[in-house]
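What follows is each chain in one-letter form.
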Amino acid sequence: MPILQPNSGERLGDHYVAASVKSLTWGRLPTPDRDPILTIASGETVTVDTISHEGLMEDQGRDPLTYFASHGVAAGDVLEDLVELAASDVVHTRGPDGPHVVTGPIRVDGAKPGDILKIEYLDLTPRVPYGVVSSRHGLGCLAGERPVDDVTGEAVRIISQFCTADVDKHTATMAWGENRRITFPLSPFMGLSGLTANTDVALNTIPPGAHGGNLDVRDLGQGSTMYLPVQVEGAGYYMGDPHFAQGNGEVSLTALEASLRTTVRLTVLSAAQSFPSTGTIEGPFGESDTHWIAMGLDRDLNEAMKSCVREAIRILSEVAFVPESIAYLYLSAAGDFVVSQVVDDVKGVHCLIRKADFPAWV
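Report on the accompanying structure.

Calculation rules
Residues numbered from 1 in each chain as written. Predicted model: local features only at pLDDT ≥ 70, side-chain atom pairs only at ≥ 80, totals over all residues. Heavy atoms only, no water. Helix = DSSP H or I, 4+ residues; strand = E, 2+ residues; numbered from the N terminus. Rg over C-alpha atoms; globule rule 2.2 N^0.38 Å. Buried < 20%, exposed > 50% of the residue type's maximum accessible area, 1.4 Å probe, protein only. Contact = heavy atoms within 4.5 Å. Salt bridge = Lys/Arg side-chain N within 4 Å of Asp/Glu carboxyl O. Phe/Tyr/Trp six-rings, centres within 6.5 Å; stacked < 30°, edge-to-face > 60°. Lys NZ or Arg CZ within 6 Å of the ring centre and 35° of its normal. 1 Å grid on protein atoms, 1.4 Å probe; cavity = no way out; pocket = protein on both sides within 12 Å on 5 of 7 lines; lining within 4 Å. Points joined across faces, edges and corners; volume = space filled by probe spheres on them. Nonpolar A, V, L, I, M, F, W, Y, C, P; charged D, E, K, R; others polar. Core = buried A, V, L, I, M, F, W, Y, C linked by side-chain atoms within 4.5 Å. Pairing = 2+ DSSP bridges.

As for the overall build of the protein chain
Line of reasoning, step 1. Secondary structure summary: the protein chain contains 5 helices and 20 strands in total.
Line of reasoning, step 2. Relative to the compact-globule value of 21 Å for 362 residues, the protein chain shows a C-alpha radius of gyration of 20 Å, a close match.
Line of reasoning, step 3. Here the C-alpha coordinates of the protein chain stretch approximately 60 × 45 × 40 Å along the principal axes.
Line of reasoning, step 4. Scored against the burial criterion, the 362 residues of the protein chain give a buried share of 53%.
Line of reasoning, step 5. Nonlocal contacts in the protein chain, meaning residues at least 24 apart in sequence, comprise 77% of its contacts between residues at least 6 apart.

Below you can see the structure in the form of structure tokens.
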């Protein structure tokens, strides 16, 4: 496949944003006083280049050319914007800062607090035919147990698995040893997608919240839509943490992290305009052609589950006109609750609700 270097290849949107150092933040989300990298009209589309942090991190040498060369990647097949960021004087400190590289913010004319921004994921195209899955620094679901060296059993700082991708076949492959391999489907999505929060403090990229952010909901892929409440003038939309694939739970710490070129349509809706589709939302809500996607967030996984159940009941009550008691029982019989991720400090649960079960929505 052709490598989608900045300003090259097909760009489907009305606008295009390259992932240059000037358009990025690393480890922190944009604040209200950050100048927009682009201003668009409501309903316009924008194609955004995003870059993965894998191969860039300090524990990997902050030298993507050397890192990926060690896995057989030619220098010309490493993204130029990734190399530019690695060589820049951008300060990044693991711990206070998250790992994610964020492209944004994009200002949407007319957006104001109280409105809802509708984000439609129109296209997610791999920029490179490879990616990396990692477990590092005693983090992940099995913190304190892993990562470990499989031979010695001793704890190690980081284990990363380089993967190749066949974009035409929509598959990725992990290979190890002699002719040992696992092949699994590609299903690209943006792990991190959100709006600027009304805070003077630049938020760490890791925990998601009412602003969206690092939700890691794999069902928000191509063809899906997310809705978020606007907190500041212009909305301040951003995206990052591109994924080629992720298992629900994201248990080792990362997904198959790899850079994407993503096209979205951004539309400003008043609360009244959005209500038939979303009801009264106070945080992220998603949908596809076939499902509503309710989300619950909390540092306690049990509380995240409860929050998701409450949100699913709210959606069914306000959008599908189902009495709340009936909605609760229906969800027990037919709702599909899954753990989105358990590794982002604030944990996530999301529920897939089939629209086909509600005739008015078919």
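Looking at the pattern of salt bridges
Note on pairing: side chains with opposite charge can pair once their charged atoms come close.
Line of reasoning, step 1. Within the structure shown, the criterion is met by 15 salt bridges.
Line of reasoning, step 2. In this structure, Arg-136 and Asp-59 form a salt bridge, with 2.9 Å as the shortest nitrogen-oxygen distance. Here Arg-136 is found in strand S7 (residues 130–136), whereas its partner Asp-59 is found in the loop between strand S4 (45–49) and helix H1 (64–69), with 77 residues between them in sequence. No difference in accessibility class separates Arg-136 from Asp-59, as the two residues are buried.

Overview of the packing of aromatic side chains
Line of reasoning, step 1. For the structure on display, the rule yields 7 aromatic pairs.
Line of reasoning, step 2. Through successive ring pairs, a cluster of aromatic residues spans Tyr-67, Phe-68, Tyr-130 and Phe-162.
Line of reasoning, step 3. Over the ring of Tyr-16 we find Arg-11; its NZ or CZ atom is 5.1 Å from the centre of that ring.

Topic: the layout of surface pockets
Line of reasoning, step 1. The volume enclosed by the largest pocket comes to roughly 740 Å³.
Line of reasoning, step 2. Surrounding the largest pocket, 30 residues form its lining, Val-133, Ile-159, Gln-161, Met-174 and Ser-252 being those nearest its centre.
Line of reasoning, step 3. Of all the elements in the fold, those that place two or more residues in the lining of the largest pocket are S7, strand S8 (158–166), strand S9 (171–176) and strand S10 (180–185).
Line of reasoning, step 4. Residues belonging to the lining of the largest pocket are distributed by class as follows: 16 nonpolar, 10 polar and 4 charged.
Line of reasoning, step 5. What lines the second largest pocket is a set of 25 residues, and nearest its centre among them are Pro-99, Leu-139, Ile-206, Leu-253 and Val-343.
Line of reasoning, step 6. Of the residues assigned to the lining of the second largest pocket, the class counts are 7 nonpolar, 8 polar and 10 charged.

Brief notes about the nonpolar core
One recurring pattern in soluble globular proteins: nonpolar side chains tend to sit buried together.
Line of reasoning, step 1. Grouped together as the largest cluster of nonpolar side chains are 39 residues, with contacts concentrated most on Leu-117, Ile-119, Tyr-121, Tyr-237 and Leu-266.
Line of reasoning, step 2. Residues contacting Tyr-121, with those up to four places away along its chain left out, are Met-190, Ser-193, Leu-220, Gly-221, Gln-222, Gly-223, Ser-224, Met-226, Tyr-237, Thr-262, Thr-263 and Val-264.
Line of reasoning, step 3. If you look at the next biggest cluster of nonpolar residues, it comprises 25 residues, including Leu-269, Trp-292, Ile-313 and Ile-315.

Here's the deal with the pairing of strand S5 (residues 101–108)
Line of reasoning, step 1. For S5, the buried fraction is high: 7 of the 8 residues fall into the buried class.
Line of reasoning, step 2. Examined bridge by bridge, strand S2 (residues 24–26) and S5 share 3 bridges and lie antiparallel to one another. Residue pairing for S5: Trp-26 is matched across the bridge by Val-101.
Line of reasoning, step 3. As paired strands, strand S3 (residues 38–40) and S5 are joined by 3 bridges and run parallel to one another. Residue Thr-39 lies in a different strand from S5, and its bridge partner there is Arg-107.
Line of reasoning, step 4. Of the strand pairs in this sheet, S5 and strand S14 (residues 237–245) are connected by 3 bridges, and their pairing is antiparallel. Pairing of Val-102 across the sheet is with Gly-240, part of S14.

By themselves these figures say nothing about function.
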